[in-house]
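Architecture and fold: a report
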There are 2 protein chains.
Amino acid sequence: MREEPIVLRRRHMLAGSGAALAAAGLASWSRGAGAAGDTPAPVPTGAAPKPLPAYVSWKDPGSLIVHSGTTIETKRSVFGTSVVTPAEQLYIRNNLPAPDASILSDRDAWEVAIEGVKSPRKLALRDLKRMGIETTAMVLQCSGNGRGYFPSKPSGTPWQVGAAGCVMWSGVPVRWVVEALGGVLGGMSYMTGTGGEKLPEGLDPKSVIVERSVPAAAMADALLAWEMNGVPISLAHGGPLRLIVPGYTGVNNIKYVKRLAFTAQETDARIMSHGYRLSPPGAKGDPTQPSVQEMSVKSWINGPGTDGKPVAAGDTQIHGVAFGGLNAIAKVEVSLDGGKTWAQARLVGPDLGRYAWRQFVLAARLPAGTYTLASRAIDTAGNVQPEQRSENAGGYNNTSWADHAVKVSVA
Amino acid sequence: MREEPIVLRRRHMLAGSGAALAAAGLASWSRGAGAAGDTPAPVPTGAAPKPLPAYVSWKDPGSLIVHSGTTIETKRSVFGTSVVTPAEQLYIRNNLPAPDASILSDRDAWEVAIEGVKSPRKLALRDLKRMGIETTAMVLQCSGNGRGYFPSKPSGTPWQVGAAGCVMWSGVPVRWVVEALGGVLGGMSYMTGTGGEKLPEGLDPKSVIVERSVPAAAMADALLAWEMNGVPISLAHGGPLRLIVPGYTGVNNIKYVKRLAFTAQETDARIMSHGYRLSPPGAKGDPTQPSVQEMSVKSWINGPGTDGKPVAAGDTQIHGVAFGGLNAIAKVEVSLDGGKTWAQARLVGPDLGRYAWRQFVLAARLPAGTYTLASRAIDTAGNVQPEQRSENAGGYNNTSWADHAVKVSVA
């Protein structure tokens, strides 16, 4: 196996790398570039791997593909079969550079303003910790995960499968906070979260601020979370406090959340009004188009053969992950012939709840040859993972099983 | 919060630190010291914290208490509420120094001899990976966890609660391997695992080798595991291959497993015959005494107040972990008055199966004062965590809720 170099690591602490990141990290929707909600150009084939930026130097470089300082993908071949994705392997997609690490110097002092409730007020993290604890396992997935399979090459990071992970979050249920403050005011149809990133100067704040609205009903399972996978949330992943909205794409899970408001309208921040919209190919995002929000049923195979090496002929164990977004997984089928025939895979490992992914395994005996391995998930609401992606300008919500199929050579 | 120093880290790779560890790391049962199965002397109060040894330099020093090079404990106050214990915080208890890291240079080449089956043979890890995959969450707990609460101060590491964690393991079920090799031979009542540690020279191998027998029935849920918490098992935790016997204390989960034999008798290795025996106080371990094997129902509180700081008066969330060994947890009760009265706690977070622990939380309003917080778990078989420890010479199996109570000062 690979020999990993000794790397400097420092947990949960490092600052963004300042000016360089700030220059690179402005999201494309802030530049009016249209529907794409992600940032950088594809990494040219054959280019030397980029090093991890300082604020995530504690991550495992061998597990990750660095697209840019704010977009880092997990390698498909490193996903294991243990359900929970280790923090050191979890993808990064920040719409703005991470705030200065000084915000972690006193985590308990971090404040979030709760608005649109009967008794609005600011609450410090130390207050939230006294209000209740819940723990939820959730697939965290970038809206653009799978964009790399769009032949139209939408602008934005060309993620394959690795802008996703299954992560354990701990914090206080939003509904308990709301109850303590007298409940949501009438007519408030949305829950709007605002991130605490430092905004670049000289730009209209609304054009860059990370502020997203989801239906107020999503409050039911939402958390104000201070812990990820058993430790205080790292700066890179939104610590000290992150809004977690299970079943919703990554961008709706507001990092460094400083305001949680129940609102009558969706926010008019550009990341909501024009970013992350399902626009027709060639069109720019606008508020009349559907927003990228709830995740849909999806699965993919993580091994064998995803490292590009030939697979040994004979018995093999085909494994991957499947999730339903808002629904639990009912079953997963695997095809050895590119989708002509399917066999039911076995779901393995503990079931971490409907927002988590399930690991699946199919035992197969493969003689030498080449194979197109595909997986197709069905959720408990009867939704079937589709063969084809839905074309859209931003390259969002790619759940196509055909796009996620793996060609392997068996020798 | 604490500022953590930059530390050199290197994942899954580092060698034991050689002679020094070897000198320190010989288990006490190999020196004929009697019943104690653990190694070193208590860390004197007020002594400077010991640094992490090189082979676990990738762990989080701020989360750990280093008793010796082979005995490292998780601090009670760092256990979170996310069910799974991160590898960087997981305790270490090695009966011998870890083998040289070169055994990880080709993980798939690691061989384990399967014996006591119809068709005995050696299998390489690459073979095992083709035979099947299962994933199990399990409490890994040292037999001596809680020894530090024995007033008799048994020899061995004075663990408090932190020689335990809940960990996800992935590998092939032992029963599938056995089936593939024709099944267990008649009359084989035990499953005996042998570790691949390098044995110190000049000693009878049987006096030092890590070899343990469990009832053959424990095969039902046992794994030959190559993955822990989503990544290949680190050297420190028994990679490339570890025998996992859910519900059994740590020592029965053989690291670097090189032989898995179904045997008519328990092994006569000294770690089995004399180590880890429930001896009467003052007596030495011998084969007539009960062996420390299956874990029993246990719980403890991890917060608040376990960091020694005063707890703020008012609303608080008392949280901890509970597990039943071979049985799932039915309920957990919490006392605010040292066991006079009890209230039922809420189980939070996903249920990872009967071998995992559950997180529990009780919301309580505490006026200023001092409190003795205790927890008491009941498993699905009706076993109740006892008030008192069972006295024994080795300081094993401490499940006393009174011993694990936490005195907190609320201001």
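Structure: above.
The model shown is predicted, which means the values in this text are computed figures rather than measured ones. (Residues numbered from 1 in each chain as written. Chains lettered and ligands numbered in written order. Predicted model: local features only at pLDDT ≥ 70, side-chain atom pairs only at ≥ 80, totals over all residues. Heavy atoms only, no water.)

1. Examining the pairing of strand E11 (residues 223-228) of chain A
Residue and element names in this part refer to chain A. Among the six residues that make up E11, six are buried, leaving the element largely enclosed by the rest of the structure. Relative to strand E13 (residues 242-244), E11 runs antiparallel, the two being bridged by three bridges. Considered in E13, the bridge of Ala 225 is made with Arg 242. In terms of strand pairing, E11 meets strand E12 (residues 231-232) through two bridges, oriented antiparallel. Each residue of the ladder has a partner; that of Glu 227, found in E12, is Pro 232. In this structure, the hairpin formed by E11 and E12 is closed by a connection of two residues, where Asn 229 is found at a positive phi of approximately 50 degrees. (Buried < 20%, exposed > 50% of the residue type's maximum accessible area, 1.4 Å probe, protein only. Helix = DSSP H or I, 4+ residues; strand = E, 2+ residues; numbered from the N terminus. Pairing = 2+ DSSP bridges.)

2. A look at the sheet that holds strand E9 (residues 190-195) of chain B
Residue and element names in this part refer to chain B. The five strands lie next to each other as E6-E5-E14-E9-E10, forming an open sheet whose pairing is mixed. Because the sheet does not close on itself, it has two edges, and the strands there are strand E6 (121-124) and strand E10 (211-215). Sheet twist, expressed as the average angle between the axes of neighbouring strands with direction ignored, equals 20 degrees. Here three bridges tie strand E5 (residues 111-115) to strand E14 (residues 257-263), and the two strands are oriented parallel to one another. Bridge pairing in E14 places Glu 115 opposite Ala 261. (Axes fitted to C-alpha atoms, helices over the stretch in contact; angles between N-to-C directions.)

3. Let's talk about the pattern of salt bridges
A side chain with one charge can pair with a side chain of the opposite charge if their charged atoms come near. If you walk through the whole model with that rule in mind, you get 32 salt bridges over all chains. A salt bridge links Asp 351 of chain B to Arg 358 of chain B; the shortest N-O distance between them is 3.8 Å. Here Asp 351 of chain B falls in the partly exposed class, since its relative accessible area comes to 42%. Between Arg 389 of chain B and Asp 403 of chain B there is a salt bridge whose closest N-O contact spans 2.6 Å. Of this pair, Arg 389 of chain B sits in the loop between strand E21 (369-379) and strand E22 (406-410) while Asp 403 of chain B sits in the loop between E21 and E22, and the two are 14 residues apart along the sequence. Relative accessible area serves as the criterion here: at 16%, Arg 389 of chain B is assigned to the buried category. A residue is classified by how much of its surface remains accessible, and Asp 403 of chain B, at 14% relative accessible area, is buried. Bridged by salt links that share partners, the residues Glu 115, Lys 206, Glu 211, Arg 259 and Asp 268 of chain A form one connected network. (Salt bridge = Lys/Arg side-chain N within 4 Å of Asp/Glu carboxyl O.)

4. Describing the pairing of strand E20 (residues 358-366) of chain B
Residue and element names in this part refer to chain B. Buried residues dominate E20, accounting for seven of its nine residues. When strand E16 (residues 314-323) meets E20, the two strands line up antiparallel, connected through nine bridges. Paired with Ala 322 across the two strands is Arg 358, which belongs to E20. Pairing geometry for strand E19 (residues 346-348) and E20, over three bridges, is antiparallel. The residue of E20 that forms the bridge with Arg 346 is Val 361.

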